[in-house]
Amino acid sequence: MKQLLLGFVIFAFLVSCGNRKAKTDPFATITDMVDSAAHKTDSLQPAEAKEEPKPLEADELFDDFIFNYASDDDLQRQRTVFPLPYYNVDTSSKIEERFWKHDYLFTQQNYYTLLFDRESDMDVVGDSTLKSVQVEWIFLKTRMVKRYYFERRKRAWMLEAINLRHIEDDGKEDFVKFYTHFATDSLYQSQHIANPLQFVTIDPDDDFSILETTLDVNQWYAFRPPLPTDRPSNINYGQKNEDNSTTKILKVNGIGNGYSNVFYFRKRSAGWELYKYEDTSI
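What counts as what
- Residues numbered from 1 in each chain as written.
- Predicted model: local features only at pLDDT ≥ 70, side-chain atom pairs only at ≥ 80, totals over all residues.
- Heavy atoms only, no water.
- Phe/Tyr/Trp six-rings, centres within 6.5 Å; stacked < 30°, edge-to-face > 60°.
- Helix = DSSP H or I, 4+ residues; strand = E, 2+ residues; numbered from the N terminus.
- Buried < 20%, exposed > 50% of the residue type's maximum accessible area, 1.4 Å probe, protein only.
- Pairing = 2+ DSSP bridges.
- Axes fitted to C-alpha atoms, helices over the stretch in contact; angles between N-to-C directions.

**Student:** Please clarify how the packing of aromatic side chains should be interpreted in this entry.
**Tutor:** A complete count under the given rule lists 26 aromatic pairs for this structure. When the ring of phenylalanine 62 is compared with that of phenylalanine 150, the centres are 5.5 Å apart and the planes differ by 65°; the resulting orientation is edge-to-face. Taken together, the residues phenylalanine 62 in helix α3 (residues 62-71) and phenylalanine 150 in strand β5 (residues 144-153) connect sequence positions 88 residues apart. Residues phenylalanine 62 and phenylalanine 150 agree in their burial class; the two are buried. Centre to centre, the rings of phenylalanine 178 and tryptophan 272 are 6.0 Å apart; their planes meet at 20°, and the pair counts as stacked.

What follows is the structure, given as structure tokens:
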């Protein structure tokens, strides 16, 4: 009987120790964290669609996509690769989704601009086979370019990186330096306009015909439109935009208002000049 009682006491003691051990199990907290993480992963399954976004009709043309991207916060987050690489001159970092702020790009103004080195490069606009496009801000005063890199993944456009860099400066008068002065100084502007200036516009007597004529400097001031003076934008569809190019074309497109102006610049021995101006606004 005593042996039976002793065995029962020992068994009870072991059970008691086992219960105390379970209460102080050092792995219990970690297990709970793993279970919690697994639960969160299950609850976030729909978010994985960000990695494999379904293409939209707007993805066919980049111009359609970029306006949707800039206007729709939900779409912007779905079409941005997080954490997003951000290169700032000599440093780099990554932007987590929780720190991302909606970027309206140029959609909160009534125009956007495009920059080309050659007239033939303008044909790339509207190409539905593009795989890579960059959207840029050109900061005239600080001589910086902020570039957004978009890539088409399985027919869906995605923002993959942002890069902020200095514009190359070889000590000569590059286009950015010239244009900053040209757009803000009327006297300097008058000294850098070809005489006569080629002028292309819609025939006032026939909306379906184009009129090609010339303007002298005084007439230019009567016809000239406002020029972007702070930060022109650019969409690089694949055209070359070299800092040291001797020809530049600035195209100003209105957003939803039919505005269309094109300015043709060239660099001569005496410096840069505007030699052709088109106004085909509707």
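**Student:** Looking at this model, I keep getting lost on the sheet that holds strand β11 (residues 260-268). Mind explaining?
**Tutor:** Pairing between the strands of a sheet is mediated by backbone hydrogen bonds and can be parallel or antiparallel. Taken in spatial order, the six strands line up as β3-β10-β11-β12-β7-β8 in an open sheet, and their pairing is mixed. Looking at which strands have only one partner, the edges of the open sheet turn out to be β3 (111-116) and β8 (210-215). Along the sheet, successive strands turn relative to each other by an average axial angle of 20°, direction set aside. The pairing of strand β10 (residues 247-254) with β11 spans seven bridges and is antiparallel. The partner of valine 252 across the bridge, within β11, is asparagine 261.

Nothing here speaks to function; it is geometry throughout.
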